[in-house]
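Residue-level listing of the chains:
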Amino acid sequence: MSRRPPVPVPAGGARVEVVGLSAGYGRRPVLSSVRFAVDAGGWLGIIGPNGSGKSTLLRSVLGLHPYEGEVRIDGAPTTGMPRRDRARLLAYAPQLPVLPEAVSTRDYVTLGRTPHRPLLAAPRAVDREVVAEVMTRLELTALADRAVVTLSGGEQQRAVLARALAQQPRVLLLDEPTAALDLGHAQQVLDLLDHLRRQDGLTVVSTLHDLTLAGQYADRLTLLADGRVAAEGTPEQVLTAEALSAHYGARARIVPGAHGPAVLPVR
Ligand SMILES: Nc1ncnc2c1ncn2[C@@H]1O[C@H](COP(=O)(O)OP(=O)(O)OP(=O)(O)O)[C@@H](O)[C@H]1O
């Protein structure tokens, strides 16, 4: 990975609090009274089996899905906040992004600058600088002129993350940010996020299916099961063989490590 300093998060991170959040689809409830809090510069991992409501929770926090309850950023409720203000605070890298046709990777990443520049204005020098820096950090520079839809799955995932980072948010919400990445690129992306939160206080909330990566990078985990918080705490507290058996129906051994526990599936 490049040794250049990463793109700064100028405003630092923000505390996120979710209180009594409930949401569903039609009449079907999916999330019930979910609560979590993450301090500025913290990394909260949201884990849980398929269909437990992780993506719905992220989309609700972003205001992309209707919910009951409250989301507060640095103590201020987000209800009624103008979209542009919200986009300066929160950036989102979805699990299955819809990528525009006939848009180059560079132009796609530049879309992340939209909340920072005047409406309909061309990208300014600072916008180009931030975009170039983020693309360097995520090894996308050689792909800059390719249509983003022609990139491989892992390259597209890095482009989506680059767009979110180019937004220079105070809080980054990531849905399975490493799902399409090989192990090296997964570690590269997670190391970059870890650096940004430690250096600039960026707050990270991410879903992660890879429980070892979740245990190694997040400083707290919230385990969702059937739309409720089944466990919350440090990775050591949440990643137990009993919890994985009860909520995932999985057989696993927990291997303690200096940077958090690793989860070893056993046959
Ligand atoms: N647009 C939708 N319409 C109806 N039901 C939906 C919709 N999106 C999700 N659901 C349902 O809501 C529940 C929670 O889905 P969600 O995608 O939030 O779970 P998840 O924990 O992110 O799952 P995964 O780990 O498989 O990505 C699931 O039962 C899912 O089928």
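Above this text is the structure in question.
Each value, and the rule that gives it
Residues numbered from 1 in each chain as written. Predicted model: local features only at pLDDT ≥ 70, side-chain atom pairs only at ≥ 80, totals over all residues. Helix = DSSP H or I, 4+ residues; strand = E, 2+ residues; numbered from the N terminus. Rg over C-alpha atoms; globule rule 2.2 N^0.38 Å. Buried ≥ 20, exposed ≤ 12 C-beta atoms within 10 Å, placed from the backbone. Contact = placed C-beta atoms within 7 Å. Pairing = 2+ DSSP bridges. Near = placed C-beta within 6 Å. Nonpolar A, V, L, I, M, F, W, Y, C, P; charged D, E, K, R; others polar. Axes fitted to C-alpha atoms, helices over the stretch in contact; angles between N-to-C directions. Expected span 1.5 Å × (residues − 1). Arc of directions from axis to C-beta.

Scanning the protein for helices and strands turns up nine helices and twelve strands. Relative to its length of 267 residues, the protein is compact, with a C-alpha radius of gyration of 18 Å against a globular reference of 18 Å. Principal-axis analysis of the C-alpha atoms gives the protein an extent of 55 × 40 × 35 Å. Within the protein, buried positions represent 41% of all 267 residues. Sequence-distant contacts, at least 24 apart, represent 68% of the contacts inside the protein between residues at least 6 apart.

Moving on: the pairing of strand S10 (residues 228–233). Working note: regular strand, side chains alternate between the two faces of the sheet. Both strand S9 (residues 220–225) and S10 contribute to a ladder of five bridges, which runs antiparallel. Considered in S10, the bridge of Leu221 is made with Gly233. In this structure, the hairpin formed by S9 and S10 is closed by a connection of two residues, where Asp226 is found at a positive phi of approximately 50 degrees.

A few words now on the site of the ligand. Neighbouring the ligand are Tyr25, Val30, Gly48, Asn50, Gly51, Ser52, Gly53, Lys54, Ser55 and Thr56. No other element matches helix H1 (residues 54–61), which puts three residues into the shell around the ligand. In the shell around the ligand, the residues fall into two nonpolar, seven polar and one charged.

Attention shifts here to the sheet that holds strand S3 (residues 43–47). Reading across from one edge, S6-S7-S8-S3-S9-S10 is the order of the six strands in this open sheet, with mixed pairing throughout. Strands with a single pairing partner mark the edges of an open sheet, and in this sheet they are strand S6 (90–93) and S10. Strand after strand, the sheet turns through a mean of 15 degrees between neighbouring axes, direction not considered.

A word on the sheet that holds strand S5 (residues 76–77). With respect to topology, four strands assemble into an open sheet ordered S2-S1-S4-S5, the strand pairing being antiparallel. Of all the strands in the sheet, the pair left with one neighbour each is strand S2 (28–38) and S5. Relative to S5, strand S4 (residues 68–73) runs antiparallel, the two sharing two bridges. Looking at the pairing, Ile73 lines up with Ala76 of S5. Each of strand S1 (16–25), S2 and S4 touches H1; the most contacted strand, S2, lies at about 65 degrees to it.

The next thing to look at is the environment of Ala252. Relative to the elements of secondary structure, Ala252 occurs in strand S11 (residues 252–255). Exposure remark for Ala252: the 19 C-beta atoms within 10 Å place this residue in the partly exposed category. Sequence separation between Ala252 and Val263 is eleven residues, and the spatial gap between their C-alpha atoms is 6.4 Å. The contacts of Ala252, once residues within four sequence positions are left out, are Ala241, Leu244, Val263, Leu264, Pro265 and Val266.

Given 3.6 residues per turn, any residue in an α-helix points the same way as the ones three and four places further on. Over its 18 residues, helix H6 (residues 183–200) extends 25 Å from the first C-alpha to the last, a length consistent with the 26 Å expected when each residue adds 1.5 Å. Buried within H6 are the following residues: Ala186, Val189, Leu190, Leu193, Leu196 and Arg197. When H6 is viewed along its axis, its buried side chains cluster within an angular range of 115 degrees and face the same direction. Opposite the packed face of H6, turned more than 90 degrees from it, sit the exposed residues Leu183, Gly184, Asp191 and Arg198. If you follow the buried residues of H6, they end up packed against S3, helix H5 (153–166), strand S8 (203–207) and helix H7 (211–217). Just beyond H6, the residue with positive phi is Gly201, at close to 80 degrees.

Any functional reading would require information beyond the geometric quantities listed.
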